[in-house]
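Chain by chain, the residues:
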Amino acid sequence: EWPHQIDSYAARSVETVSDRSGSGLCFSLVSYNVLADSLLFSNKDLYPQHNSQYLTWEYRKQRLLREILSLGSEIVCLQEVEQQHFGNHFLPRMRENGYDGVFMGRTGKKTDGCAIFFRSSHFTLVAQQFVEFKRPKVRVLDRDNIALIVRLEAVASDTGHSELLCVACTHLLFNHNRGEMKLAQTMVLMAEVDRMARLKTSDDGKDVMCPIVIAGDFNAQPLCPLYHFIVRGKLLYGDIAS
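Described in the following lines is the structure provided in the data block. Bear in mind the structure is a predicted one, so any value in this text is a computation, not a measurement. (Residues numbered from 1 in each chain as written. Predicted model: local features only at pLDDT ≥ 70, side-chain atom pairs only at ≥ 80, totals over all residues. Heavy atoms only, no water.)

Considerations on the pattern of salt bridges
Point 1. Here the structure, examined in full by the defined rule, presents 11 salt bridges.
Point 2. In this structure, R60 engages D37 in a salt bridge whose closest nitrogen and oxygen atoms are separated by 3.1 Å. Taken as a pair, R60 in helix α2 (residues 57-70) and D37 in helix α1 (residues 37-42) lie far apart in primary sequence, 23 residues in all.
Point 3. K134 is the salt-bridge partner of D144, the closest N and O atoms lying 3.7 Å from each other. With D144 in the loop between β6 (123-132) and β7 (146-155) and K134 in the loop between β6 and β7, this residue pair connects regions lying 10 residues apart in the sequence.
Point 4. In this structure D144 comes out as buried when scored by relative accessible area, which is 15%.
Point 5. Salt bridges here are not isolated pairs; linked through shared partners, they connect D194, R198 and D207. (Salt bridge = Lys/Arg side-chain N within 4 Å of Asp/Glu carboxyl O. Helix = DSSP H or I, 4+ residues; strand = E, 2+ residues; numbered from the N terminus. Buried < 20%, exposed > 50% of the residue type's maximum accessible area, 1.4 Å probe, protein only.)

This is the structure we're talking about:
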């Protein structure tokens, strides 16, 4: 269980996830918001206590990469990745270290987006889905946030059988006063994840699903109503103000 109050800097951890179906699929995953340059410098008032030289991309890029690689995860989900930084920094450097990856930029005039990387020795990309949360004429879906979903195939070393895995990476709306928008974005995300993870329908009418991992920056506190909706599948709508 998450504590009600956590230190955002002290709470970093890496957890190993095992497939409860008993298939033998075992891997580690890290999710990291790398702070997009465009957002950093358009909101510099949020970082008054930081020396400006430490905020530059030239200072941060190698340190970010070193931190991410030091965790040794098979799957890496990143948010706030500048599109140009994905192409000229993250993707080539990650490939040098045995990963491949995909990227989706936010809609509109935004220049950042989400990226998912995976170890080529452990996974191959089977399918990908780009999810735009902005929908015409839908008041609670009028922002440029997005999600990236992939279906990966893994080969279990102990059995030689291929296993499928669905991984989603998203970055929800920041505004703390628009909980209804975060809820709407989450509902769209869940519907698209369900579509990607559904493999087939069995003879008895039950859906056959592959394991699912949803990662990202939800701009939500642990144990908040949105968190409970994700883990329980329901909430009291009146509590979703934040």
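Observations concerning helix α5 (residues 225-232)
Point 1. Turning to α5, its buried residues number three or more, namely P225, L226 and F229. The buried residues of α5 occupy an angular sector of 105° when the element is viewed end-on, so they sit on one face. Opposite the buried face of α5, by more than 90 degrees, sit the exposed residues V231 and R232.
Point 2. Once α5 ends, the next one or two residues include G233, with phi positive near 85°. (Arc of directions from axis to C-beta.)

Description of unusual backbone geometry
Point 1. Its identity as a non-glycine residue notwithstanding, L35 has a phi of 65°, on the positive side.
Point 2. Its place among the elements puts L35 in the loop between β2 (26-33) and α1.
Point 3. In this structure, N219 is a non-glycine residue whose phi angle is positive, near 45°.
Point 4. Relative to the assigned elements, N219 resides in the loop between β11 (212-217) and α5.

Section: the packing of α2 against helix α3 (residues 83-96)
Point 1. Two numbers describe how α2 lies on α3: the axes approach to 11 Å, and their chain directions differ by 35°. Relative to α3, the crossing made by α2 is right-handed. The segment α2 lies against α3, with W57, K61, Q62, L65, I68 and L69 engaging H85, H89, F90, R93 and M94. (Axes fitted to C-alpha atoms, helices over the stretch in contact; angles between N-to-C directions. Left-handed = near helix turned anticlockwise from the far one by under 90°. Contact = heavy atoms within 4.5 Å.)

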